[in-house]
Amino acid sequence: EGMALPQRILFPPEEICMDWQQRQRPGAGLCNLGSTCYINVILQCLTYTPPLANYLLSRDHSQFCHQQGFCMMCIMEAHVRKVLRSSANVIWPRAVVRDLKFIGEEFEPDMAGDAYEFLRCALEAMQRACLSGSSNVDISSQTTTIIHQIFGGFLKYRVTCLRCQAVSDSYKAFLHVLLDIKAPSSLTTALEDFVTPKKLDGKYCLKCSKSEKKVTSSKRVTVYRVPKVFTVCLERAANHTGKKISKIVEYPEYLDLRPYMSDTAGEPLLYSLYALVVHSGDTCLDGHFFCYTKASNGLWYKMDDESVDNCGIHAVLRQQAYLLFYAR
């Protein structure tokens, strides 16, 4: 329906395993190499993403990787193996910091960075690694890599002309969703806001698909196809000055995405929280990042650089969350 079918499937979705294949205590903490807490939290959240960890632990990527030099998938494979398989209590994420400029040009090893930006760049770097060696891959096929099969979904943008009611639909792949929390006090109200139609008038007028004239219209975004892992950033930057929205936004342990779908009829689409990132500090430009992750043994841990401490779900659900990770 309006979306081109992929010419090739780069990774078979039936090979993705959503449950941990081995259950064990949590792995190592990560050394802070200067100002790298923003990197550490994302590495930990990705390490405890079961379908990604299962795939990386299988060494499936490195066996067939022909990439010369930097490869984010090979780096993540080595990192996850080290964290989950070695007996060390603390690990130095040296390879990631060494190759930081290949992950994102804006990152410097000795400068503080933003966890959401690092997540964005890390996923894109892993996506590029999955596409290397596959030349002339059409746009639709690019969304069939292991990274898109895990983190990727599709949004549907419906623009309705308020003069003649003509409708035009477009679709866009996503790996994460950014939510406005200026007004909402919970994740569910932020998602309701996200899918509420917005009026476009004045300088925001769009061309009507029928009359070709610029008209007042309504634009609605919904989730057209859900990802296996739903990643959300609660936008805490109030404006470009770095002022931070420090309020608590409630989020559930279990989330149903069905109400935010293009088609709201049908079974609930249930997700469970397995990781979150917290930013502590008065402004978005400084402060500290730590995270909570659910290990393969089913227990929650607070991970703050080198330290890994057991904690309960009540503590997990009371945080000033910045990033939330939910799995189907």
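Along each chain, residues carry numbers from 1 onward, in the same order as the chain's sequence is written. Predicted model: local features are reported for residues with pLDDT of at least 70 only, side-chain atom pairs are reported and counted for 80 or more only, and whole-chain, interface and lining totals are derived from all residues. Note that water and hydrogens are dropped before the side-chain values are worked out from all heavy atoms of the structure.

The protein chain is annotated in an unreviewed UniProt entry as UBP42 hydrolase of Pomatorhinus ruficollis.

J.: What's the story with the packing of aromatic side chains in this structure? I'm lost.
T.: Think of a pair of aromatic rings as described by two things: how far the centres are apart, and how the planes are tilted against each other in angle. Classification of ring pairs uses Phe, Tyr and Trp, with its six-membered ring standing for Trp, and accepts pairs whose centres are within 6.5 Å; under 30 degrees between planes counts as stacked, over 60 as edge-to-face, and the remaining range as tilted. A complete count under the given rule lists eleven aromatic pairs for this structure. With centroids separated by 6.0 Å and ring planes inclined at 65°, the aromatic side chains of F290 and Y292 adopt a geometry described as edge-to-face. There is no split in this pair, since F290 and Y292 are both buried. Put simply, the rings of Y38, F107 and F118 pair up and form one aromatic cluster. A cation over an aromatic ring shows up here: K302 above the ring of F290, its NZ or CZ 4.6 Å from the ring centre. Residue exposure (1.4 Å probe, protein chains only): buried if accessible area is under 20% of the type maximum, exposed if over 50%, otherwise partly exposed. We call a charge positioned over a ring when the NZ of a Lys or the CZ of an Arg lies within 6 Å of the ring centre and within 35 degrees of the ring normal.

J.: Would you explain the packing of helix α1 (residues 37-47) against helix α4 (residues 72-85) in this entry?
T.: To describe two helices that pack against each other, one gives the angle between their axes and the distance between the axes. Contact geometry of α1 with α4 gives a least axis separation of 10 Å together with a crossing angle of 80°. In terms of orientation, α1 lies roughly perpendicular with respect to α4. On the side of α1, the interface is formed by L43, Q44, L46 and T47, while α4 contributes M76, H79, V80, V83 and L84. Residue composition of the contact of α1 with α4, by class: six nonpolar, three polar and no charged. Angles shown run from 0 to 180 degrees and are taken between the N-to-C directions of axes, each axis being a line fitted to C-alpha atoms and, for helices, limited to the stretch in contact. Helix and strand labels come from DSSP, where a helix needs a run of H or I of at least four residues and a strand needs a run of E of at least two; each type is numbered from the N terminus. Between 65 and 115 degrees an angle is taken as roughly perpendicular, under 35 as roughly parallel, over 145 as roughly antiparallel, and anywhere else as oblique. In what follows, residue pairs with any heavy atoms lying within 4.5 Å of each other are defined as contacts. When residues are grouped by polarity, Ala, Val, Leu, Ile, Met, Phe, Trp, Tyr, Cys and Pro land in nonpolar, Asp, Glu, Lys and Arg in charged, and all others, Gly among them, in polar.

J.: Any chance you could explain the sheet that holds strand β4 (residues 167-174) here in plain terms?
T.: Paired through backbone hydrogen bonds, the strands of a sheet run either parallel or antiparallel to each other. Here four strands make up an open sheet; going across it, the order is β4-β3-β9-β6 and the pairing antiparallel. On the outer flanks of this sheet lie β4 and β6 (198-200), each paired with one strand and no other. This sheet shows a mean twist of 30° between the axes of neighbouring strands, independent of strand direction. For two strands to count as paired, DSSP must find a minimum of two bridges between them. Bridge analysis of strand β3 (residues 153-161) against β4 gives eight bridges, and the strand direction is antiparallel.

J.: Quick question: what am I supposed to make of the packing of helix α2 (residues 50-57) against α4 here?
T.: Two elements in contact, α2 and α4, have axes whose closest approach is 9 Å; the angle formed by their N-to-C orientations is 95°. Regarding the angle of α2 to α4, the classification is roughly perpendicular. Contacts between α2 and α4 involve A53, Y55, L56 and L57 on the former and, on the latter, M73, M76, E77, V80, R81, L84 and R85. Residue classes in the contact of α2 with α4 are distributed as eight nonpolar, no polar and three charged.

J.: Looking at this structure, how should I read the pairing of strand β16 (residues 321-327)?
T.: Two faces belong to every sheet, and in a regular strand the side chains alternate between them. Burial runs high along β16: seven of the seven residues are buried. In the sheet, strand β10 (residues 229-235) pairs with β16 via five bridges, with the strands oriented antiparallel. Residue pairing across strands places V232 opposite L324, the latter belonging to β16. Where strand β12 (residues 270-280) meets β16, six bridges bridge the pair, whose relative direction is antiparallel. Residue pairing across strands places A275 opposite F325, the latter belonging to β16.

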